[in-house]
Amino acid sequence: MSGTLTKLLGELYRGRLRVIDLTQPLSPQTPLLPLPRQWNNTPAFKMWELSRYDDRGPAWYWNAFETGEHTGTHFDAPVHWVSGKDLPNNTVDQIPPEKFIGPACVIDVSAEAAKNPDCLLTLDHLGQWEAQHGRIPRGAWFLLRTSWSKKTNPKDYINAQSTGPHTPGFAKEASAFLAAERDVLGVGVETVGTDAGQASTFDPPFPNHYLMHGRGKFGLASLCNLDQLPPTGAVVIAAPLKIVGGSGSPLRVLAITP
Ligand code: MN
């Protein structure tokens, strides 16, 4: 084994590196992104038992499940959006696997999100973050920490009002900068989708999806435990299921952190 991998395992065994699970539990209770009524909405996660050491299968327990690709902690592939529909390798099965691993840059806007659920990450936030922590490296996972995952009541998590959902997200200038000027792998968020709750009313609608996926970048939605990551120095591994032609998939997102 290479010295680097031996050292990695040694540091993990000794607890000098920790593995943080950035994934929410996946169940029929998992909150779903509510789209305006004129569009098709996603079904909830559903699971049923095939056998449990019984006459349906005497020595084994297993289930089948049904889910939308974009349910729970999940990956958005470039083909998910119309702006990425003609890019090469734009489906989950075709993305080169080295693009699932990258350094994490974590920006904390929890205090603002607590005061204003519609708060957006701006170029100013990015400028301040880079002044403090250095330039966002190429191929990074850029993670927006809002503490939204701490809202365990699905009603508060989705925060739907008569005007639609109200949850934090990205200003389009920030998404464009991260995709074009910093060449990130993609962005990750604690909310149900990578755009703000009100983003169906933005121009263009859902600008983070439009700009990220148009440049072949990815999205990670419904993450948690971002408060356990340093601003820089962690590595995130986010590999979706290899669904042929898939636009995304639920996945387990892991971070390795000092
Ligand atoms: Mn999605």
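Residues numbered from 1 in each chain as written. Predicted model: local features only at pLDDT ≥ 70, side-chain atom pairs only at ≥ 80, totals over all residues. Heavy atoms only, no water.

S.K.: Help me get a handle on empty space enclosed by the protein, residues and values and all.
M.R.: It is the rolling of a water-molecule-sized probe over the atoms that shows where space remains empty. Tallied over the entire structure, the rule returns one cavity of 30 Å³ or more. As for the largest cavity, its lining consists of R145, S147, S149, K150, E190, N225, L226 and D227. Among the residues making up the lining of the largest cavity, the classes are represented as one nonpolar, three polar and four charged. (1 Å grid on protein atoms, 1.4 Å probe; cavity = no way out; pocket = protein on both sides within 12 Å on 5 of 7 lines; lining within 4 Å. Points joined across faces, edges and corners; volume = space filled by probe spheres on them. Nonpolar A, V, L, I, M, F, W, Y, C, P; charged D, E, K, R; others polar.)

S.K.: Talk me through the sheet that holds strand β15 (residues 253-257); I want residue IDs and the actual numbers.
M.R.: Pairing is mixed across the open sheet formed by nine strands, whose spatial order is β1-β15-β13-β5-β7-β11-β12-β4-β14. Every other strand in the sheet has two partners, leaving β1 (18-21) and β14 (248-250) as the edge strands with one partner each. Direction aside, the axes of adjacent strands within the sheet are offset by 25° on average. Direction of pairing for strand β11 (residues 186-189) relative to strand β12 (residues 218-221): parallel, over a ladder of three bridges. Residue pairing for β12: V187 is matched across the bridge by G219. Set on the sheet, helix α6 (residues 207-214) makes contact with β4 (74-76), β11 and β12; between it and β11 the angle comes to about 145°. (Pairing = 2+ DSSP bridges. Helix = DSSP H or I, 4+ residues; strand = E, 2+ residues; numbered from the N terminus. Axes fitted to C-alpha atoms, helices over the stretch in contact; angles between N-to-C directions. Contact = heavy atoms within 4.5 Å.)

S.K.: Please give an account of the nonpolar core that cites residues and values.
M.R.: The biggest cluster of nonpolar side chains holds 23 residues, and the ones touching the most others in it are L22, F75, W141, L143, L229 and V236. For this core, the secondary-structure elements that each account for two or more residues are β5 (101-108), β7 (141-145), β12, β13 (234-238) and β15. Per element, the largest residue contribution to this core is three residues, and it comes from β13. Of all hydrophobic cores here, the second largest spans 20 residues; its members include I107, W129, A174 and V187. (Core = buried A, V, L, I, M, F, W, Y, C linked by side-chain atoms within 4.5 Å. Buried < 20%, exposed > 50% of the residue type's maximum accessible area, 1.4 Å probe, protein only.)

S.K.: Describe in detail the pairing of β13, supporting the description with residues and values.
M.R.: Only one face of β13 is buried, namely the one carrying A234, V236 and A238, since none of V235 and I237 on the opposite face is buried. Judged from the four bridges that link them, β5 and β13 form a sheet pairing that is antiparallel. The residue of β13 that forms the bridge with A104 is A234. Relative to β15, β13 runs antiparallel, the two being bridged by four bridges. The partner of V235 across the bridge, within β15, is I256.

S.K.: Give me the lowdown on the coordination of the manganese ion, citing residues and values where you can.
M.R.: At this site the manganese ion is bound by H70 (ND1), H74 (NE2) and D76 (OD), with donor distances of 2.1 to 2.3 Å. Of note, the donors binding the manganese ion are all from one chain and are spaced H-x3-H-x1-D. What makes H74 buried here is its relative accessible area of 4%. (Donors = N, O, S within 2.8 Å, 3.2 Å for Na, K, Ca; no water.)

S.K.: Provide a residue-level description of the packing of aromatic side chains, including the pertinent values.
M.R.: As enumerated under the stated definition, the model contains seven aromatic pairs in all. Seen from their ring centres, F75 and W141 are 6.5 Å apart, and the 80° between their planes marks the pair as edge-to-face. With a gap of 66 residues between them, F75 in strand β4 and W141 in strand β7 connect regions that are remote in the sequence. Under the relative-accessibility criterion, F75 is labelled buried at 0%. Given a relative accessible area of 0%, W141 falls into the buried group. Across the ring face of Y61, the terminal group of R52 is positioned such that the distance to the ring centre comes to 4.0 Å. (Phe/Tyr/Trp six-rings, centres within 6.5 Å; stacked < 30°, edge-to-face > 60°. Lys NZ or Arg CZ within 6 Å of the ring centre and 35° of its normal.)

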